[in-house]
Amino acid sequence: MSFSKLFFILFFIPILSNAQIFSNEECAHTEFPIFNTFSEKKGIKINEYLDLCNYNHKIQNIKYRIPIKFYIYRKSNGKGGLSEKEIKEHIRYLNYYYSTNNTGLSFYLRPDIEYIDNDKLHKLNYISQAPFQTIKRKTKGCINVYITEKFKRNRLFHVPKNFSGTYNSATGGVIIANGVSSSTLAHEIGHYFGLKHPHRNWQSKVKGEPVSRTRLIPGTNTRMCEKKGDGLCDTPAEPKLTKYTNEKCVYTGWNVKDKYGTVYTPATNNIMSYTRNRECRDNFTPEQVALMLFTASTKKNAKNWSINNKDAKNYDFDYFEPDNSKETASEIFLRTRQTHTFHKIYTGKKKLKYEDNTDFLYFKLKTTKPQDYIIYLSESNYIFPEMDVTIYKNDKIILKKSINSKNKKIALKKIGKGKYFIKIHKKNDYKLITGYKIKVEKIKLN
Ligand SMILES: [Zn+2]
């Protein structure tokens, strides 16, 4: 595990990493036999695509900002299902995996999370319910993600099989189960952007991908790795890794061979693989990045998601989103400045203005002796809006103040030990994106 991942997990992700992981966690995405129209349609090769787009995959370089809409299935009484805090962590993990691999894709949450309270749907059935649900509930202009308590397929004379998630290429919906690993949403969204499993068809005598990267399809100049497996040559051929890796992400299939007698030497960290411990997965290869960017460019909403869109600035969200409630409030550490924006949500409809107008933050004071603190708001790269700021100690409001460009300080006199929430609400509509910087500091007030 890289240091940055460890850092991220320690500081930001307390919930998902402790979540129960299905022992038989498996992605139910079915792959169609017709594949790899990439090079044929465009007359270009996937490994040349990044150069062609002048895309440097060694640095993070956002090309698309994509809204995600969540549908949460709960019991009829509203119990169960994913909390807002867990949704926030899903979005953070998704952005973590896509940004550390410099995919050029970034994601933000639509705040209109939909809850479906129904005992009959609470555990979605793979065949009889899931496809119908992804057709019935669908929002334009975003990726639709459905979260169910359990995602199961009944089997004749067998116990039902539980899946961790799926991408339905016919309806465009992504379904994941509650309590899956932190890389599962990134994996399913990888399918959404055209990626296949590197072990695809590995057991097939005819279609299996050879280990060799130079073996040609007989009678052609095309390398087999461009057509077989996941159709990418920088993801090594591999067997299904669930059986051939251990909990520590080590490959254990030393004697497993392809049909030419060559032993497999797979990576165990690819997000699209079935590594036994799904937490091993944190990598996309450059060709995977290329294929995802290519697929993104072919999506109906590509223009609206693109940062070249003339309105794209309006969708610039900050690292702390979503933070629209106390439950999803972001912690601000003393003497540390944070930058926040009030971004617009791309909805696919011209008239529907959807803005993120509220930010919740919190800070904790540990000293028992009451002291004076000050909250400084300051200009960021964007317009500084008029805002209402409310300070709570736990659930009690202790102060309310209007903030504008002339009046940006909030003094908190003699406050003691506890958890303080700061609610920041943008007052008016602005044509352009707005934002601010914020810092909390101990000070001696007169
Ligand atoms: Zn999959």
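The structure presented is a predicted model; accordingly, all values stated were derived computationally and were not measured.

## Brief notes about the pairing of strand 9 (residues 173-177)
Among the 5 residues in strand 9, 5 count as buried, and that is most of the element. Along strand 9, one buried face is formed by Gly173, Ile175 and Ala177 and the opposite face, lined by Val174 and Ile176, is buried too. Direction of pairing for strand 8 (residues 165-168) relative to strand 9: antiparallel, over a ladder of 4 bridges. Across the sheet, Gly165 pairs through a bridge with Ile176, a residue of strand 9. Where strand 8 hands over to strand 9, the hairpin turn is made up of 4 residues, of which Gly172 adopts a positive phi near 80 degrees.

## Comments concerning the packing of aromatic side chains
Applying the stated criterion to the full structure yields 19 aromatic pairs. Seen from their ring centres, Tyr93 and Tyr96 are 6.5 Å apart, and the 80 degrees between their planes marks the pair as edge-to-face. Of this pair, Tyr93 and Tyr96 both sit in helix 4 (residues 84-100), 3 residues apart, roughly one helical turn. Consider the rings of Tyr192 and Phe193, whose centres lie 4.9 Å apart with planes at 75 degrees: the pair is edge-to-face. For Tyr192, a relative accessible area of 8% corresponds to the buried category. Within the aromatic cluster, the residues linked to one another by ring pairs are Tyr93, Tyr96 and Tyr97.

## Points about the domain arrangement of the chain
Many authors give the size of an interface as the accessible area that is lost as the parts come together. Partitioning the chain into structural domains gives domain 1 (3-298) and domain 2 (312-442). Using C-alpha coordinates to define each centre, domain 1 is positioned 35 Å away from domain 2. With 19 residues of domain 1 at the interface, the matching set in domain 2 holds 20 residues. A combined buried area of about 1,700 Å² lies between domain 1 and domain 2, and 59% of that area is made up of carbon and sulfur atoms. Viewed at the interface, domain 2 and domain 1 are joined by 1 salt bridge. Ionic pairing is found between Arg65 and Asp316, a salt bridge with its closest N-O pair at 3.7 Å. Scanning the region where domain 1 abuts domain 2 turns up 8 residue pairs in polar contact (both at pLDDT 80 or more). Of all elements in the fold, only helix 1 (3-12), strand 1 (64-74), helix 4 and strand 2 (105-109) reach the threshold of two or more residues within the side of domain 1 that touches domain 2. Ranked by the residues each element gives to the side of domain 1 that touches domain 2, the list is headed by helix 4, at 5 residues.

## Focus on the pattern of salt bridges
Overall, the coordinates contain 14 salt bridges when judged by the stated rule. Here Arg223 ties to Glu226 by a salt bridge, and the two come within 3.3 Å at their closest N and O atoms. By relative accessible area, Glu226 is classed as buried at 15%. Through salt bridges with shared partners, a single network forms among Lys69, Arg110, Asp112 and Glu114.

## What to know about the packing of helix 4 against helix 6 (residues 184-192)
A pair of packed helices is captured by two measures, namely the crossing angle of their axes and the spacing between those axes. With their axes 8 Å apart at the nearest point, helix 4 and helix 6 run at an angle of 60 degrees to one another. In the crossing of helix 4 with helix 6, the sense of the turn from one axis to the other is right-handed. Residues His90, Leu94, Tyr97 and Tyr98 of helix 4 form the contact with helix 6, whose participating residues are Leu185, Ala186, Ile189 and Gly190. Here the contact of helix 4 with helix 6 is composed, by residue class, of 6 nonpolar, 2 polar and no charged.

## Here we look at the side chain of Lys69
Note on placement: Lys69 falls in strand 1. On the basis of relative accessible area, Lys69 is assigned to the buried category, the value being 3%. Once residues within four sequence positions are removed from consideration, Lys69 is found in contact with Arg110, Asp112, Glu114, Thr139, Cys142, Ile143, Asn144 and Val145.

## Observations concerning the pairing of strand 6 (residues 150-155)
Bridging between strand 4 (residues 123-125) and strand 6 involves 3 bridges; their strand directions are parallel. Each residue of the ladder has a partner; that of Asn125, found in strand 6, is Lys152. With 4 bridges connecting them, strand 6 and strand 7 (residues 158-163) associate as antiparallel partners. What sits directly across from Phe151, in strand 7, is Phe163.

## Quick notes on the state of the cysteines
As enumerated under the stated definition, the model contains 2 disulfides in all. Covalently, Cys225 is tied to Cys233 through a disulfide, its sulfur atoms 2.0 Å apart. Because the sign of the S-S torsion sets the handedness, a value of about 90 degrees for the bond joining Cys225 and Cys233 places this disulfide among the right-handed ones. Each disulfide pairs two cysteine sulfurs, and for Cys249 the partner residue is Cys280, the sulfurs being separated by 2.1 Å. Between Cys249 and Cys280 the disulfide shows an S-S torsion of about -85 degrees. By sign, it is left-handed. Of the two residues, Cys249 sits in the loop between helix 7 (241-244) and helix 8 (286-298) while Cys280 sits in the loop between helix 7 and helix 8, which places them 31 residues apart along the sequence.

Analysis parameters
- Residues numbered from 1 in each chain as written.
- Predicted model: local features only at pLDDT ≥ 70, side-chain atom pairs only at ≥ 80, totals over all residues.
- Heavy atoms only, no water.
- Buried < 20%, exposed > 50% of the residue type's maximum accessible area, 1.4 Å probe, protein only.
- Helix = DSSP H or I, 4+ residues; strand = E, 2+ residues; numbered from the N terminus.
- Pairing = 2+ DSSP bridges.
- Phe/Tyr/Trp six-rings, centres within 6.5 Å; stacked < 30°, edge-to-face > 60°.
- Domains from an automatic or database assignment.
- Contact = heavy atoms within 4.5 Å.
- Buried area = accessible area lost by both parts, 1.4 Å probe.
- Salt bridge = Lys/Arg side-chain N within 4 Å of Asp/Glu carboxyl O.
- Polar contact = N/O pair within 3.5 Å; in protein donor to acceptor, adjacent residues only side chain to side chain.
- Axes fitted to C-alpha atoms, helices over the stretch in contact; angles between N-to-C directions.
- Left-handed = near helix turned anticlockwise from the far one by under 90°.
- Nonpolar A, V, L, I, M, F, W, Y, C, P; charged D, E, K, R; others polar.
- Disulfide = S-S within 2.5 Å.

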